[in-house]
Structure formats: structure tokens, C-alpha cells
Amino acid sequence: MNFSEIRESVDIDGAKSIIDSILNVSYRATVIVDRQTFEIVYMNKLAKDMFGSKVDCLCYETFCTREVPCQGCNLVSLESGSVVASGYSEILDKQATWKYSKINWFDGRDVVMATLIEVDDEQNPIAKEISAKIAKSVSVDRSEMDELTNIPGYARFYVNAEKAIHANTDKEYAIVVFDIDRFKNINDLYGMTKGDDILKHVGEVLMDIFGYNENYARMHSDMFAFYIEYERKLDIIRTIEKIRKKIGSKENETEVNTSYGIYLVQDRSVPINLMCDRAMVASRTTKGDVMRFCAFYDEQYREDMIRISEIEHDMVKALEEGQFQMYLQPKFKLDTEVLCGAEALARWLHPSKGIIPPSDFIPLFEKNGFILKLDEYMWEEACKTIRNWMDAGKEPIPISVNVSRYHIKHNNLENVLVDMVKKYDIDPKLLHLEITESLFLDEPAKLNRVMEKLRGFGFKLEVDDFGSGFSSLNLIRNISVDTIKIDKEFLDNEIASEKGKIVVNHTIDMAKELKLQVIAEGVETKAHVDFLKKSKCDIAQGYYFAKPMPLSEFDKLSS
Ligand code: C2E
Ligand code: CA
Ligand code: CA
């Protein structure tokens, strides 16, 4: 509630007692002065303790021992918002820092609230006493105020939130953490000063919305937090909407969007910093989604994060200890049903968790970069296997390995692969490289350069998951590949209808005209096989024939 709202909703005595109750819990001496008459209209308890009760006295006489108002006084010059100023203080006989904020007094008067932030003195006994009083009453010190925005910093926020949440166990609280979208870009594009201006603006908005409650803080960088009492979740959303709108409406400014994470306090024994972390986790889930600017914390996030951190903790050791195993899924020629290849798929044989499927770790490894290591390991396993087949006098069959998008950015891809086939002395055409379709949309020119080089070395290239995205034969017409692997979903969706069957038939026809081999993956049923045979698809891979299996089993199949 701000002062004008107080004015509208309560009578004068009521308003005074509300103001008392707010400002007397403040850690700082606060004096309120009428800007027209220079009368002191209010002092909180701490101010009265320090300066004596001076209500109704003139401020320039009291604080500056002058007979007329001071020239350039902040009381007069302040146009709006707040300003922090340091200067010599007559009454204290020392340098002091005050914060002046322009507000509307509950009776309609235009007033300035002056809050004593700091007194710089070692010698002067009165000032020293005042400093000591401030230090004592302010169990949190100046360092707990954020210098740039002049609102509390995180340490102070923790204390305030802790107090409120523990003092009012009958009330529901939420912790909200938010940050500015792409703040780094704003700094890079418009400079730090502009970035600082925006941060100060956010501080002002919070002060405007919550007044002097100190239920908010700048946590660090562009991250802010507040705690709020609520009855319905909608109350929280409404407040967020208000803040977001105010932050975004800074005139003539770059667009400033903010994203919010909300933690509903249930277990009050959870430390406040952890509550903030959880709210932050929730806010991260809104990133990259323009339709969402706030999210509630869900216990599932924590479980996911624990799972992720466990995987990240274990992965390096797992690779060193050989916990990753190459499974092979056979590929069959459709006309003769003869085994003609295999896809290498990773499995994690975890000592305590059992077999972990790739869907639980590949997406994470693609994010944290560990996929480079795992893929290289898988390529090496494939090369080793081909070498062993040759050494055992078997006719080697090609193995397809997956190449994740990370490798295309990794300039060494060709060298790593060439070195590997050299090391095991195998023909590169026995190593097929599966590159997922979506990559063709990313950076086609770069991808094409890499692919042409790889094909030049003799590797075979396959477009994985063909039909799952937006690419078409038209797109890959210009890219040098040998094979398309039709995605299971595409197959399922299309062959369900007569029209769809025509689409798949023509896709296969066109691929063949472009001299591309066609593999269908996810072939599960006899109906799939019949349709694919009729469509003259070359190769099939799927549970209908065989599931991915350890090498020892695969060797039995191919012998
Ligand atoms: P993918 O490359 O599209 O591999 C085919 C996936 O389909 C495999 O799942 C395979 O087990 C599954 N599959 C095969 N036949 C059928 C079928 O008839 N029906 C159904 N429903 N599924 C079938 P998997 O092994 O769980 O691998 C999932 C994905 O993880 C792979 O999709 C691939 O994108 C990724 N992945 C697996 N191993 C590696 C690896 O070593 N490196 C990289 N970069 N990615 C890998
Ligand atoms: Ca694949
Ligand atoms: Ca695939």
C-alpha cells in the first residue's frame, strides 16, 4: 500500500498509526517535511531519539541552523522519485548521507521523506553516538543496502523475509525472484550506464509498489526479489503484472521485459536463500518462451535438477570406467531381408541405477558438451568392432554412428574421424554418419562444407529423422548425402491414410531419383514391412526385426 492508497482508505488517525507502524520498524531515522512550508510533519521514533521531537518546527532552522530555506535544497529541487545526497550536516556537525523521496502525504500535502542512511564521523561525540545508534538499531549495515539502486541487498532481504515469514505463521507467503530478459545484451548494445539506469528504475518501481516495507531487494546483477503475503495465487500474479508493466513502461526507453519465478512458502524451515534459489529455478523455465513471463516452482524441478547434477557428477567417471556400452541395432535389406548394417546406440550401464536409456542423458550431454566425448567414444567402439570383425575373418558390415549438432561447430570433426579410421585401419565407407535433419536448417552452408569434406574422405552420410521437421527433399537436394532415414513418426502419421501413403511413396521415389538410398526406422509391424516393400524402400530398422542389442548378441546374429 502506498501513502495515497492509505489516504483513501483510512481516516487521519488511522493513517498516522499505519505510518508509525511502518516507519517505526524501519532501521533508519526518518523525517518528513512539507515542501511548501518546510514544516516537519512527521518523525519516526528513531529520529525523535536522535534529534528530539521537532514536529511542526521548520526544517531549515532545525537541521541547518538557518533563518531562511537553504539554497539548492533537495527538498525543493527533487522533481520525482528519490535521490541520495551526502553533505555537511549542521545538526550533526559532520558529513551525512540522506535519502530524499518525494511522496504524497496522507492529507494531500506534497512532502519529502528524508531518511538518514549514514553518518561519517569518528570525532564528534554527538555524531558518533548517532552512528552507534544507527549501527545498533540497524542490525544490518550499509553494506546490506544495494549501492546502485538504494534498495536492500540480498543479506538484508534474507533477514526481512525470515522475520516476516516466521512472525506470521497464520499467513501465506510467496517468494518471487525476477530478472531482466537479455540484460547482458542491453549492456552490450547500449552501455553500462544505460544498464545501470534500468536497474535503478527497477529499484524505484519496487519502492513505488511496496513503499518502505523493505520486502524487496536487488539480489545481484539484474536479479531482484520480493516476498509477498497472499490469499490466492492470483494475488501474486496481479502484483507481478503491476511490477512488470511499470518496469516496461519507462518512457523513451529500450523495451525492458522481466521474467518471474514464484516459490510458495510451505515449509517455513527451508532457509530463505534456498527458497530464492527455487524461485529462480522456476523463473528459468520461462526463458525462451515469449508467451510466459512467470512460473511457479514445482518440486519436479528439484528432482530433475538433482538427477541432472547426479548425472553430471557421474558422467566423466562413467566414461573412464567403461560404463557406456555400444548397443547395435541391425538394419535389413527389405527385398531379401538380409542383414546389411547396424546403428550404434549408447546405453549407460550404471552400477547402481541399472541401464539408463539415451533419452535420459543425451539431451543433457548435448547441452553441457559432454556429447563430444561420448560420441567419440562410440565412434571408436564402432571402429574397433569393425576391426575385430575383419581380424576374425568376417565380412565387415557398416556401422552407423550418430553425430550430434555439437560436432558441426567443433572444427576438428573431420580430423577426429579420419584419425580414427586410420588408427583402426578400416575403410571409411564402413562408418556411416547419421546427422539429424534439424541440423540442415541451422547452418546449411557450414554443414555442407563439412559434409563434402567427409564424403571426400569416403565416409557415408545419412540424414537421420527425415520428415520429423520441416526439411524436404528440396532442401537436401543441394547437400551431399548418401542416405535418408525416414523418421518413425513420419511413417506412422503418413501411412495411416491413403493420401499419406502417396506422400511417402513419392518421397521414396524422389529420393531414389536423387540417387539417395532410403532407410525406414521404427519399423514395428508386418503392415509397415509390406508397405515399405511395395514402396521400394531399401532398408528397414526396427523392433519388427530386432531391438538394439549388446555386441555379444549381435555377433551371434551375424555369424
Ligand atoms: P535415433 O538416432 O533416432 O535412434 C533410433 C531410436 O529409435 C533408438 O532409440 C532405437 O532404440 C529406437 N527404435 C529403433 N527401432 C524402433 C522401433 O521399432 N520402435 C520404436 N518405438 N523405437 C525404435 P534409443 O536407442 O533410445 O536412442 C534414442 C536417441 O538417442 C537416438 O535416436 C539418438 O538421437 C540418441 N542417441 C543414442 N545413442 C547416441 C549416441 O551415441 N550419440 C548421439 N549423439 N546420440 C545418441
Ligand atoms: Ca540415429
Ligand atoms: Ca532416427
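Computed from a predicted structure; not experimentally measured. All residue numbers refer to position in the chain's written sequence, counted from 1. Chains and ligands are labelled by the order in which they are written, letters from A for the one and numbers from 1 for the other. Under the rules for a predicted model, residues below a pLDDT of 70 receive no local features and side-chain atom pairs below 80 are neither given nor counted, while totals for whole chains, interfaces and linings still include all residues. Here the side-chain values reflect all heavy atoms present in the structure, with hydrogen atoms and water set aside.

**Observations concerning the coordination of the calcium ion (ligand 2)**
- Excluding water, the donors of a metal are its N, O and S neighbours within 2.8 Å, or within 3.2 Å for Na, K and Ca, and that exclusion means sites may look incomplete. Distances from the calcium ion (ligand 2) to its protein donors, namely Glu343 (OE), Asn402 (OD1), Glu434 (OE) and Asp464 (OD), fall within the range 2.1 to 2.4 Å.
- Sequence spacing of the donors to the calcium ion (ligand 2): E-x58-N-x31-E-x29-D.
- Between the calcium ion (ligand 2) and the calcium ion (ligand 3) the interatomic distance amounts to 4.0 Å, and Asp464 serves as a bridging ligand to the pair. In this pair, Asn402 is assigned in strand E14 (residues 399–403) and Glu434 in strand E15 (residues 431–436), connecting sequence segments 32 residues apart. Put simply, DSSP H or I for four residues or longer makes a helix, DSSP E for two residues or longer makes a strand, and each gets a number counted from the N terminus.

**Comments concerning the layout of surface pockets**
- Grid spacing is 1 Å over the protein atoms alone, the probe is 1.4 Å, and a cavity is where that probe fits but cannot get out, while a pocket is an open set with protein on both sides within 12 Å along at least five of seven lines and lining residues have an atom within 4 Å of a point. Grid points are joined across faces, edges and corners, and a volume is the space filled by probe spheres set on the points. Roughly 780 Å³ of internal volume is contained in the second largest pocket.
- In terms of lining residues, the second largest pocket is bounded by 32 residues, among which Glu343, Leu345, Asn402, Asp464 and Asp465 are the most central.
- Counting only elements with at least two residues in the lining of the second largest pocket, the list comes to strand E12 (339–350), helix H13 (362–368), helix H14 (371–391), E14, E15 and strand E16 (460–466).
- Residues were grouped as follows: Ala, Val, Leu, Ile, Met, Phe, Trp, Tyr, Cys and Pro as nonpolar; Asp, Glu, Lys and Arg as charged; and all remaining residues, including Gly, as polar. Split by residue class, the lining of the second largest pocket holds 13 nonpolar, seven polar and 12 charged.

**Re the pattern of salt bridges**
- By convention in these notes, a salt bridge is any Lys or Arg side-chain nitrogen within 4 Å of a carboxyl oxygen on Asp or Glu. According to the stated counting rule, one finds 29 salt bridges in the structure shown.
- Across the pair Asp391 and Arg387 runs a salt bridge whose closest N-O atoms are separated by 3.0 Å. Here Arg387 and Asp391 lie together in helix H14, a separation of four residues that amounts to about one turn.
- Overlapping salt bridges bring together Lys331, Glu343, Glu434, Glu462, Lys485 and Glu521 as one network.

**Some thoughts on the sheet that holds strand E4 (residues 94–104)**
- At least two DSSP bridges between two strands are needed for those strands to be called paired. Strand order in the open sheet made by the five strands is E2-E1-E5-E4-E3, with antiparallel pairing throughout. In the strand order of this sheet, the two ends are held by strand E2 (40–43) and strand E3 (82–89), each with one partner. Taken over all neighbouring pairs, the strand axes of this sheet differ in orientation by 25° on average, direction set aside.
- Here three bridges tie strand E1 (residues 30–34) to E2, and the two strands are oriented antiparallel to one another. Considered in E2, the bridge of Val33 is made with Ile40. Lines are fitted to the C-alpha atoms to define the axes, a helix being fitted only along its stretch in contact, and any angle between axes, read from their N-to-C directions, falls within 0 to 180 degrees.

**Some remarks on the sheet that holds strand E6 (residues 172–180)**
- Here five strands make up an open sheet; going across it, the order is E7-E8-E6-E9-E10 and the pairing mixed. Sheet topology places strand E7 (216–220) and strand E10 (294–296) at the edges, where each strand pairs with a single neighbour. Taking each pair of neighbouring strands and ignoring which way they run, the sheet shows an average axis angle of 25°.
- Direction of pairing for E6 relative to strand E9 (residues 258–264): antiparallel, over a ladder of seven bridges. Each bridged residue has a counterpart across the sheet, and for Ala174 the counterpart in E9 is Leu264.

**As for the nonpolar core**
- We define the nonpolar core as a collection of buried residues of types Ala, Val, Leu, Ile, Met, Phe, Trp, Tyr and Cys that are connected through side-chain atoms lying within 4.5 Å of one another. Residue exposure (1.4 Å probe, protein chains only): buried if accessible area is under 20% of the type maximum, exposed if over 50%, otherwise partly exposed. Among the nonpolar cores identified, the biggest contains 79 residues, and Phe365, Leu374 and Ile484 are the most heavily contacted of them.
- The biggest single contributor to this core is H14, with nine residues.
- Apart from residues no more than four positions distant in its own chain, Leu374 is found in contact with Leu319, Phe324, Ala346, Phe361, Ile362 and Phe365.
- By size, the runner-up hydrophobic cluster in this structure holds 30 residues, among which are Ile151, Ile180, Ile228 and Ile262. What makes two residues a contact is simply this: any of their non-hydrogen atoms within 4.5 Å.

**Description of the coordination of the calcium ion (ligand 3)**
- Each protein donor to the calcium ion (ligand 3) is listed here as Asp464 (OD), Asp465 (OD), Glu521 (OE) and Glu521 (OE); together their distances run 2.1 to 2.7 Å.
- Expressed as a motif, the donor residue spacing for the calcium ion (ligand 3) is D-D-x55-E.
- Residue Asp465 is classed as partly exposed on the basis of its relative accessible area of 22%.
- When its relative accessible area of 12% is taken as the criterion, Glu521 is described as buried.

**Quick notes on the site of ligand 1**
- Whether a residue is near a molecule or strand is decided by its heavy atoms; if any one of them lies within 4 Å of it, the residue is near. The environment of ligand 1 is formed by 22 residues, the closest being Gln329, Arg347, Asp375, Glu524 and Tyr543.
- Nitrogen and oxygen atoms within 3.5 Å of one another constitute a polar contact, given that in protein one can donate a hydrogen and the other can accept it, and given that sequence-neighbouring residues count only through two side-chain atoms. In the model, a nitrogen atom of ligand 1 is placed 3.0 Å from a nitrogen or oxygen of the Ala346 main chain.
- Here a nitrogen atom of ligand 1 and a side-chain polar atom of Glu524 are 2.6 Å apart.
- Computed with the Shrake-Rupley method and a 1.4 Å probe, the accessible areas treat only the protein chains shown as cover for residues. Relative to its unbound accessible area of 790 Å², ligand 1 is 79% covered by the protein chains.
- Molecule-in-pocket calls rest on the fraction of atoms, with more than half required to lie within 2 Å of the cavity or pocket grid points. Of all the cavities here, the one that holds ligand 1 is the second largest pocket.
- Contributing elements (two or more residues each) for the shell around ligand 1: E12, H14 and E16.
- Top contributing element to the shell around ligand 1 by residue count: E12, with four residues.
- Counted by class, the shell around ligand 1 contains nine nonpolar, five polar and eight charged residues.

**A short note on the side chain of Ser400**
- You can see Ser400 is positioned in strand E14.
- Separated by 2.5 Å, the side chains of Ser400 and Lys331 make a polar contact.
- Sequence-distant contacts of Ser400, defined by excluding residues within four places in its chain, comprise Lys331, Ala342, Glu343, Ala344, His432, Glu434 and Glu462.

**Observations regarding the packing of aromatic side chains**
- Only rings of Phe, Tyr and Trp enter the pairing, Trp through its six-membered ring, and a pair is recorded when the two centres are within 6.5 Å. The plane angle decides the type: under 30 degrees is stacked, over 60 is edge-to-face, the rest tilted. Counting across every chain of the model gives 24 aromatic pairs.
- Here the guanidinium or amino end of Lys233 rests over the ring plane of Phe296, the centre of that ring lying 4.8 Å away.
- By definition here, charges over rings are those cases where NZ of Lys or CZ of Arg is within 6 Å of the ring centre and within 35 degrees of the ring normal. The ring of Tyr543 has Lys547 lying over it, and the distance from NZ or CZ to the ring centre is 4.7 Å.

**A word on the side chain of Glu343**
- Tracing the chain through its elements places Glu343 in strand E12.
- Owing to a relative accessible area of 4%, Glu343 belongs among the buried residues under this scheme.
- Engagement of the side chain of Glu343 in a polar contact is seen with the side chain of Asn402, the distance being 3.1 Å.
- Those residues in contact with Glu343 that lie beyond four places of it in its chain are Tyr327, Leu328, Gln329, Lys331, Ser400, Asn402, Glu434, Lys485, Glu521 and Gln541.

**Comments concerning the confidence of the model for the chain**
- Per-residue pLDDT for the chain has a mean of 86; in total, 90% of the residues score no lower than 70.
- Counting contacts from residues 136–140, a segment whose pLDDT is below 50, to residues more than four positions away or on other chains yields nine contacts. Note: pLDDT gives the predictor's confidence per residue, expressed from 0 to 100.

**Description of the environment of Met420**
- Tracing the backbone shows Met420 in helix H16 (residues 413–423).
- In this structure, the C-alpha to C-alpha distance between Met420 and Trp379, residues 41 residues apart in sequence, is 8.0 Å.
- Not counting residues within four places of it along the chain, the set of residues in contact with Met420 comprises Glu376, Trp379, Glu380 and Cys383.

**A word on the packing of helix H9 (residues 192–210) against helix H10 (residues 233–248)**
- Remark: H9 packs on H10, axes separated minimally by 10 Å, with the N-to-C direction vectors making an angle of 140°. The angle between H9 and H10 falls in the class oblique. H10 is crossed by H9, and the crossing has right-handed handedness. Facing His201, Val202, Val205, Leu206, Asp208, Ile209 and Phe210 of H9, the residues of H10 in contact are Thr239, Lys242, Ile243, Lys246 and Ile247. If an angle is under 35 degrees, it is roughly parallel; if it is over 145, roughly antiparallel; if it lies from 65 to 115, roughly perpendicular; otherwise it is oblique. Handedness of a helix crossing follows the sense of rotation of the near helix relative to the far helix, less than a right angle counterclockwise being left-handed and clockwise being right-handed.

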